[in-house]
Amino acid sequence: MISAGRLILLVIGVWGSVMLSPACAQREQVWAFSDSAGLDFSQPGPVPILTGTYGFGEGGASVCDTDGALLFYTDGSYIWDRSHTRMPNGDELPGFVTNMGGNNLATSSTTQGAVIIPVPDSAGKYYVFSLTAGESTFPGRLYYSVVDMSMRGGYGDVIPGRKGILLDSGLTEKMTAVVGNRCNLWLLVHASVTTSIRAWEITTAGIAHTPVISNVGTLAADRYRTGVMKISPDRKRLVTANSGGGLEVYDFDPAAGIVSNVRLLDYGTYYGAAFSGDNSKLYVKIYNDGTVMQFDLSAPNPAQAKTWIGGGAISDLKLGPDGRIYGRGSGNSTWLSVIRQPNQPGAACDFAERAIQLSGAARARLGLPNTVPELKRDTVSAWLEEKGCFVSHIQISASDTAGWDYVWDDGTTGHTRVVRQSGRYILRYHTPPCVWHTDTFDVALFPYTPATGSFAGCKEDGSHAWIYSAGDTATYDYIWRREDGQVIRIYSGRNTDTLYTSPGRYTVWMQGNNGCDTTLDIIIPEPAYSASFDADTVVCAGVPFSFRNTSAGSIAAYQWDFGDGRTSTLQDPVHSYATPGIYTVRLATATSVPCYDTAYLRIRADAPATVSFMKDRDSVCAGTPIRFTPVAVTGADSVIWQFGDDRLTSGVTQDVVYTWDAGGVFPVTLTVSPLHCPDTAYTDTTAVFPYPLVDLGPDTKFCPGANPARLADLAGHSPGTSYLWSTGTRDPDVWVDRPGIYTLTVTSTYGCAATDTITVSRSCYMDIPNVFTPDGDGLNDYFFPGNLLAAGVSSFHIRVFNRWGLQVFETQQINNSGWDGTYKGQLQPSGVYVYIIEALFVNGAAEQYRGNVTLLY
């Protein structure tokens, strides 16, 4: 028997992908890296090209448009456009330069100093993330800038005001990015003082302010400082290759940005790393000599599945858009090595140590371009034909149930839906990582429900069974069989088929021209005639109720006696009792033969319920409880109180206490719900008065000795309102001449009181530090009572003396940065120094401060 099924599944219209290799293929068609080096993968080879890059050649990234044409590239500090010219606003992205040997160390000496991410749903705009090197002026800082390719006639530039924005600090040199599972991306950076990995979520709303932090790692924190961090193409694994020692593989959850389940593969020192395209192999380069090793991640113990692949030079490794893995070759840095078959184990991976010679004066250094993750909004349309045979409804389900935001065309949600009519139904939803689905269901329901019946005469005039479905227009083929399998009737027709035969067990197979078929079991019983009926045995007086006639046989007439003096001849009558009581109902039946039978049933009619209540007061202030007491309640064991949106069930004699939070006139309803009678309700109203509004405004400041501060209720007042300040004043406002906490209590004409408090503090003061550390870390580098330590100062004179009385610093400039610990350009020794500060405040008061300050390094 066929009941329901998905007969046809046709999926069309899939555009784009989000897995690493195909998604990044076009965006990474051109690589720019190291010293003037580049590769063009749009031509077979790939073909070496010259670029504008220079510096230490570690951190870097390049990006193409969706057709594979180069847009721009960066080392994290500078941005070059497609003409290999630096963008006008693309210099010194972190805001500072660290020079060593003529090179900018700020980011180009970071192992993964740059990442480029297309801004989601903002065509032509790109985030450029810059990570400063450990030996730079400000190590371990993460900045971002935004490039708009519509600027400069399509050559692009950094948007003014969106350059070098500090996102975080205290980081290592490891940084990468990957597509998430909810139409989002993740930027991952390794922390420097802990073993944690921080993941910032990037969506159409921008960059999340707070990262997801995963506290993972088995090594000491200083081992993670340099090396690389890579994510597998299937986005399920993450590796950290640490030049400080240690190679670790983790699990990565692209849905939550969480890194977990660390596995230590080796304690050796490593620099570069890359996963194979099928995610089964991990290739790494040893830090001290550039040797390439392969780890088989599909092995039971990947740490022991380690194979030497070949030599070379120290550098990163990168999976290219052609499925091959590239690295720095041996020799004079003009060669790149290639792993041509990285999915294969051992020597079958086909490693070539010197496979591609770079163009002209280009030189390979340590780095290769970072990954460019792109959020692709793919579209999938599915057409499905669903068929239900001999059912009144079927359940249809999304073609993919691993998604979110399931919405049907009628506004209902969920990945399944029960439908009861033939027609077209549409479901829209998302699946990871950012696929928009439209499932269209063409449903054909054939709700024919075969009915069977058996009839017999009072005398032995034969029995017959029938099959019928009202409104069914299909044509059926029928085959009737006895219990022993003997065929006794074959028939084709529409809507109905009838068999006249003797009592017994039969089967009938039927198939319609709609493709539905079924087999029915039919029992024709011996002739029987009996009177029977049922009804509710407890009802409510005055409320009509129905009798259900269940008599058997060919009944010709019915005679009902309801026990209250009234009768009926209907087959299934409706009746009501005018007064409560217990009644005996009789049904007498007669057949055309004739045959007779009688049935009886006792029914109790209950009286309707009554209800009312009292309250202990007619009005209250908001927030003050009021007590309600039920009275004159009959007909139920419990009652229901309704206070607007609140609903409370209690006993019939139980008091209820309720409190309103806001003012108004509120209806209160008490309802009795008897088991058999309709609900009875009683309603009264209660007046609730609101508390007055009190607003003293925000905390304020004033300068002692100047004019006093005025405090007043900003909320206004109405007639009859009274005021009481904590000073004892009863006026709406008050003047104060000293700092403190002041409270105002306002009482309405209804006796409802509210309070507000304001803090008044002084605005003229000077705080002087007793120690400073001019070590260049950006914290407490100067001795000076600056903006954060003083207020209300109109002028002052500061002098600093060493222990021999020599004046080493003097200034009268309020906006001066302060003493940096030097005298005539020379750093002064650590120790205690004497200061004299003469200050004049805005209120005319003059002060002199003398004391000691300690200089520390």
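Residues numbered from 1 in each chain as written. Predicted model: local features only at pLDDT ≥ 70, side-chain atom pairs only at ≥ 80, totals over all residues. Heavy atoms only, no water.

**Q** Which residues make up the overall build of the protein, and what are the values?
**A** A tally of regular secondary structure across the protein gives 2 helices and 76 strands. Counting the 857 residues in the protein, one finds 47% classified as buried. Considering only contacts in the protein between residues 6 or more positions apart, those separated by 24 or more positions represent 54%. Taken as a whole, the protein presents about 39400 Å² of accessible surface, with 50% of it coming from carbon and sulfur. (Helix = DSSP H or I, 4+ residues; strand = E, 2+ residues; numbered from the N terminus. Buried < 20%, exposed > 50% of the residue type's maximum accessible area, 1.4 Å probe, protein only. Contact = heavy atoms within 4.5 Å. Areas by Shrake-Rupley, 256 points an atom, 1.4 Å probe, with all protein chains shown as cover.)

**Q** Report on the pairing of strand β44 (residues 517-524), specifying residues and quantitative values.
**A** Here strand β43 (residues 504-512) pairs with β44 via 8 bridges, running antiparallel. Its bridge partner lying in β44, Gly-504 is registered against Ile-524. (Pairing = 2+ DSSP bridges.)

**Q** Describe the environment of Ser-502, and please don't skip the residues or the numbers.
**A** Residue placement: Ser-502 occurs in the loop between β42 (496-501) and β43. Exposure remark for Ser-502: the relative accessible area of 41% places this residue in the partly exposed category. When the C-alpha positions of Ser-502 and Ile-524 are compared, they lie 7.5 Å apart, and in sequence the two are 22 residues distant.

**Q** So what about the pattern of salt bridges? Which residues, and what values?
**A** Counted according to the given criterion, the structure contains 24 salt bridges. For Arg-417, the salt bridge identified is with Asp-409, shortest N-O distance 2.9 Å. You can call Asp-409 partly exposed: its relative accessible area is 41%. One salt bridge connects Asp-442 with Arg-424, and the closest N-O pair in it is separated by 2.7 Å. In this pair, Asp-442 sits in strand β37 (residues 435-446) while Arg-424 sits in strand β36 (residues 423-431), placing the two residues 18 residues apart along the sequence. Exposure remark for Asp-442: the relative accessible area of 26% places this residue in the partly exposed category. (Salt bridge = Lys/Arg side-chain N within 4 Å of Asp/Glu carboxyl O.)

**Q** Summarise the side chain of His-797; cite the residues concerned and give the values.
**A** Considering the arrangement of structural elements, one finds His-797 in strand β71 (residues 793-801). Polar contacts involving the side chain of His-797 include one to the side chain of Glu-810, which spans 2.6 Å. Beyond its immediate stretch of four places on either side in the chain, His-797 contacts Glu-810, Thr-811, Gln-812, Ile-836, Ile-837 and Glu-838. (Polar contact = N/O pair within 3.5 Å; in protein donor to acceptor, adjacent residues only side chain to side chain.)

**Q** Describe the sheet that holds strand β30 (residues 335-339), with residues and values.
**A** Two orientations exist for strands paired in a sheet by backbone hydrogen bonds: parallel and antiparallel. Sheet architecture is open: 4 strands sit in the order β28-β29-β30-β31, paired in antiparallel fashion. What marks the edges here is a single partner per strand, and that holds for β28 (318-319) and β31 (351-357). For strand β29 (residues 325-328) and β30, the ladder comprises 4 bridges, and the chain directions are antiparallel. In the strand pairing of β30, Ile-325 is matched with Ile-339.

**Q** Any chance you could break down the state of the cysteines for me, citing the residues and the numbers?
**A** The final tally for this structure, using the stated rule, is 4 disulfides. The disulfide bridge from Cys-183 ends at Cys-434, spanning 2.2 Å between sulfur atoms. Torsion about the S-S bond of the Cys-183 and Cys-434 cystine: about 95°, corresponding to right-handed handedness. On the criterion of sequence distance, the pair formed by Cys-183 in the loop between β15 (171-179) and β16 (185-191) and Cys-434 in the loop between β36 and β37 is long-range, its members being 251 residues apart. (Disulfide = S-S within 2.5 Å.)

**Q** Explain the sheet that holds strand β2 (residues 30-33) to me, using residue names and the numbers behind them.
**A** The sheet built from 3 strands is open, its strands ordered β2-β3-β4 with antiparallel pairing. Both edges of this open sheet fall to β2 and β4 (47-50), since each of them pairs with a single strand only. Averaged over all neighbouring strand pairs, the angle between strand axes comes to 25°, with direction disregarded. Where strand β3 (residues 37-40) and β4 come together, 4 bridges link them in antiparallel fashion. If you follow Ala-37 over to β4, its bridge partner there is Leu-50. (Axes fitted to C-alpha atoms, helices over the stretch in contact; angles between N-to-C directions.)

**Q** Would you mind going over empty space enclosed by the protein in detail, with residue names and values included?
**A** Evaluated as defined, the whole model comprises 3 cavities of 30 Å³ or more. When its volume is computed, the second largest cavity comes out at roughly 100 Å³. Contributing to the lining of the second largest cavity are 16 residues, with Phe-33, Ser-34, Gly-59, Gly-60 and Asp-75 lying nearest its centre. At the level of elements, β2 and β6 (70-74) are the ones that each hand at least two residues to the lining of the second largest cavity. Classifying every residue of the lining of the second largest cavity by side-chain character gives 7 nonpolar, 7 polar and 2 charged. (1 Å grid on protein atoms, 1.4 Å probe; cavity = no way out; pocket = protein on both sides within 12 Å on 5 of 7 lines; lining within 4 Å. Points joined across faces, edges and corners; volume = space filled by probe spheres on them. Nonpolar A, V, L, I, M, F, W, Y, C, P; charged D, E, K, R; others polar.)

**Q** If you had to explain the nonpolar core to someone new, which residues and values would you point to?
**A** One finds Ile-117, Tyr-127, Phe-129, Leu-142 and Leu-187 to be the most contacted residues of the largest nonpolar core, which totals 24 residues. For this core, the elements supplying multiple residues, two or more each, are β10 (114-118), β11 (125-131), β12 (142-148), β15, β16 and β17 (196-203). Tallying contributions element by element places β15 first for this core, with 4 residues. Sequence-distant contacts of Ile-117, that is, excluding residues within four places in its chain, are made with Tyr-126, Tyr-127, Phe-129, Ala-177, Leu-185, Leu-187, Ile-202 and Pro-373. Core analysis: the second largest hydrophobic core is formed by 19 residues, Trp-819, Tyr-833, Tyr-835 and Leu-855 among them. (Core = buried A, V, L, I, M, F, W, Y, C linked by side-chain atoms within 4.5 Å.)

**Q** Describe unusual backbone geometry, with residues and values.
**A** Omega for the bond connecting Gly-45 with Pro-46 falls within 30 degrees of zero, at -5°, which places this linkage in the cis form. Along the chain, the position of Pro-46 falls in the loop between β3 and β4. A cis amide bond links Pro-432 to the next residue, Pro-433, at an omega of -5°. Its place among the elements puts Pro-433 in the loop between β36 and β37. For Ser-36, which is not glycine, the phi torsion reads 65° and is therefore positive. For Ser-36, the position within the fold is in the loop between β2 and β3.

**Q** Break down the confidence of the model for the protein for me, with residues and values.
**A** Summary statistics for the protein give a mean pLDDT of 86 and a share of 90% for residues scoring 70 or more. The low-confidence segment residues 453-462 (pLDDT under 50) makes 25 contacts with residues lying over four places distant or belonging to another chain. (pLDDT = per-residue confidence, 0-100.)

**Q** Go over the packing of aromatic side chains, please, and point to the residues and values.
**A** In this structure the tally under the stated criterion is 42 aromatic pairs. Here Tyr-78 and Trp-80 contribute two aromatic rings whose centre-to-centre distance is 6.4 Å and whose plane-to-plane angle is 55°, an arrangement assigned as tilted. Summarising the burial analysis for this pair, Tyr-78 and Trp-80 share the class buried. Seen from their ring centres, Phe-545 and Phe-547 are 5.1 Å apart, and the 50° between their planes marks the pair as tilted. Per residue, the accessibility class of Phe-545 equals that of Phe-547, and both read buried. (Phe/Tyr/Trp six-rings, centres within 6.5 Å; stacked < 30°, edge-to-face > 60°.)

**Q** Could you give an account of the environment of Cys-64, with specific residues and numbers?
**A** When you line up the elements, Cys-64 lands in strand β5 (residues 61-64). Owing to a relative accessible area of 0%, Cys-64 belongs among the buried residues under this scheme.

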